[in-house]
Amino acid sequence: MNKVLLSLLAAALCWSAGARAADKKIVLIAGHPSHGPGDHEFNAGVQLLHKCLQNVPGVDPTFYLNGWPKDPNAFDGADSILFFMDGGAGHPIIQGDHLRIIGDLMKKGVGLACVHYAVEVPKDKGGPEFLNWIGGYYEDRWSTNPHWEADFKSLPNHAITRGVKPFRIRDEWYYNIRFRPEMKGVTPILIARPDDETRQGKSSSPRGPYAHVVAASGREEVLAWAVERPDGGRGFGFTGAHFHKNWGNENFRKIVLNALLWTAHVEVPANGVDCAVTDEDLKKNLDPKGK
Ligand SMILES: [Zn+2]
């Protein structure tokens, strides 16, 4: 079979699978297993989001598991990219030439969404880039990561919050994120007020208390945010999702799904992305025990 026929066949297969050339490509990247069962379930979480996005008209989602994609063409044609993985010094995005690869995509206006530990990068490597790309990042010893129940009493009027109702949920909600000076261009999406006990950081790593976090007693904190970059690209940061079971919360899930559409320049439906997730769905694709 010649190349023309092969490409025609490939196009036909694509078409039959429902993807269209005009669809926005959203690339979901899951990190390696790193925690016990139910925590940092990047592989399961990304596949859950993928399943939800598959039913959204105008979206062509794809995913890669267990770290940075081995396929060198993984990001080709991407409209938005999600990173859900462990970060810090081991963040896949700062290894090798990855910052340059992502930086080139950002210059083209590709969207970027980082969830949970993936919002943490070292301040001297990845920090400046994250300030540009998504407006902020978790900075070691400046930001903090206790487990607490955040009460989202109201939500801002934004495409990402369409169909989302006030909710409360326990998670490892990072806060005191290092944002751009004066939050320039940053739109808070999720805001909650940690209590003073939370500010003691007894469950934080490294352990609190951090004097500057305690001193901010009573302050509201931004736990998810959105950014529109001058290059036309859009960024999103979301600090929760330590616990896999939290994807079972409709509001929690909808914010991330809406954000994936928004960062890919897909119009978010008036009621947001609807996707039913059952208890059975939450048990699928979990990492093998003993990690
Ligand atoms: Zn965590």
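Residues numbered from 1 in each chain as written. Predicted model: local features only at pLDDT ≥ 70, side-chain atom pairs only at ≥ 80, totals over all residues. Heavy atoms only, no water.

Enquirer: Tell me about the nonpolar core, and please be specific about residues and values.
Expert: Grouped together as the largest cluster of nonpolar side chains are 52 residues, with contacts concentrated most on W173, L190 and F238. Looking at this core element by element, the count peaks at eight residues for helix α7 (residues 250-263). Excluding residues within four positions of it along the chain, F238 makes contact with C114, V115, H116, V119, W173, L190, L223, A224, W225, F252, I255 and V256. With 34 residues, the next largest nonpolar core counts Y64, I93, L99 and I134 among its residues. (Core = buried A, V, L, I, M, F, W, Y, C linked by side-chain atoms within 4.5 Å. Buried < 20%, exposed > 50% of the residue type's maximum accessible area, 1.4 Å probe, protein only. Helix = DSSP H or I, 4+ residues; strand = E, 2+ residues; numbered from the N terminus. Contact = heavy atoms within 4.5 Å.)

Enquirer: With reference to specific residues and values, describe the packing of aromatic side chains.
Expert: Scanning the entire structure with this criterion turns up 16 aromatic pairs. Each ring, one from F42 and one from F84, has its centre 4.8 Å from the other, and the planes form 85°; the classification is edge-to-face. One end of the pair, F42, is in helix α2 (residues 42-54); the other, F84, is in strand β3 (residues 80-84), with 42 residues separating them in the sequence. Of the residues examined, F42 reaches a relative accessible area of 0% and is grouped as buried. These aromatic residues form a ring-pair network of at least three members: F42, F84, F152, F167, W173, F236, F238, W247 and F252. Positioned above the aromatic ring of W142, the side-chain terminus of R178 is 4.1 Å from the ring centre. (Phe/Tyr/Trp six-rings, centres within 6.5 Å; stacked < 30°, edge-to-face > 60°. Lys NZ or Arg CZ within 6 Å of the ring centre and 35° of its normal.)

Enquirer: Would you mind going over the coordination of the zinc ion in detail, with residue names and values included?
Expert: For the zinc ion, the full set of protein donor atoms is H40 (NE2), H116 (NE2), E172 (OE) and H242 (ND1), and the range of their distances to it is 2.0 to 2.2 Å. One way to put it: the four donor atoms around the zinc ion meet at angles of 85 to 167°, and that makes the site irregular. One chain supplies every donor to the zinc ion, and in sequence these donors are spaced H-x75-H-x55-E-x69-H. Here H116 lies in the loop between β4 (111-115) and α4 (127-133) and H40 lies in the loop between β1 (24-30) and α2, a separation of 76 residues in the sequence. Each of the two residues, H40 as well as H116, counts as buried. (Donors = N, O, S within 2.8 Å, 3.2 Å for Na, K, Ca; no water. Tetrahedral: all angles 85-135°; square planar, octahedral: opposite > 155°, others 65-115°.)

Enquirer: Explain helix α3 (residues 98-107) to me, using residue names and the numbers behind them.
Expert: Along an α-helix, residues three or four apart share an orientation, since each turn contains 3.6 residues. Among all positions in α3, only H98, L99, I102, G103, L105 and M106 are buried. Along the axis of α3, the buried residues cluster in a sector spanning 160°; they form a single face. Against the buried residues of α3 lie β3, β4 and α4. Count one or two residues on from α3 and you reach G109, which has phi positive near 90°. (Arc of directions from axis to C-beta.)

Enquirer: Break down the sheet that holds strand β10 (residues 221-228) for me, citing the residues and quoting the values.
Expert: Judged by pairing direction, the sheet is mixed, and its seven strands sit side by side in the order β2-β1-β3-β4-β11-β10-β9 without closing on themselves. What marks the edges here is a single partner per strand, and that holds for β2 (59-64) and β9 (186-192). Ignoring which end each strand starts from, the neighbouring axes of this sheet average 15° apart. Pairing of β4 with strand β11 (residues 234-238) involves four bridges; the strand directions are parallel. For L112, the partnering residue across the bridge sits in β11 and is G235. Each of β1, β2 and β3 is contacted by α2, which is oriented at about 165° to β1, the strand it contacts most. (Pairing = 2+ DSSP bridges. Axes fitted to C-alpha atoms, helices over the stretch in contact; angles between N-to-C directions.)

Enquirer: Outline α2, supporting the account with residue identities and numerical values.
Expert: A rise of 1.5 Å per residue sets the reference length of α2, with its 13 residues, at 18 Å; its end C-alpha atoms lie 18 Å apart and thus fit the reference within 8%. For α2, a buried count of 11 out of 13 residues is recorded, marking the element as mostly surrounded by other parts of the structure. Of the positions making up α2, those classed as buried are F42, N43, A44, G45, V46, Q47, L48, L49, H50, C52 and L53. Among the structural elements, β1, β2, β3, α7 and α8 (279-282) are those in contact with the buried residues of α2. (Expected span 1.5 Å × (residues − 1).)

Enquirer: Outline unusual backbone geometry, supporting the account with residue identities and numerical values.
Expert: Generally, phi is negative for residues other than glycine and the peptide bonds are trans, each holding for most cases. Along the chain, S205 connects to P206 via a cis peptide bond; the corresponding omega equals -10°. When you line up the elements, P206 lands in the loop between α5 (196-199) and α6 (211-215). Note the cis peptide between G208 and P209, where omega equals 0°. Inspection of the secondary structure puts P209 in the loop between α5 and α6. A positive phi is found at H40, a non-glycine position, where the angle reads about 50°. Judged by relative accessible area, which is 2%, H40 ranks as buried. One non-glycine residue, N176, lies in the positive phi region at around 55°. Accessibility expressed as a relative area gives 9% for N176, which makes it buried.

Enquirer: With reference to specific residues and values, describe the environment of L99.
Expert: Mapped onto the elements of the fold, L99 is located in helix α3. For L99 and R162, which are 63 residues apart along the polypeptide, the C-alpha to C-alpha distance reads 32 Å. With residues up to four places along the chain from it excluded, the contact list for L99 reads I93, I94, K125, G126, E129 and W133.

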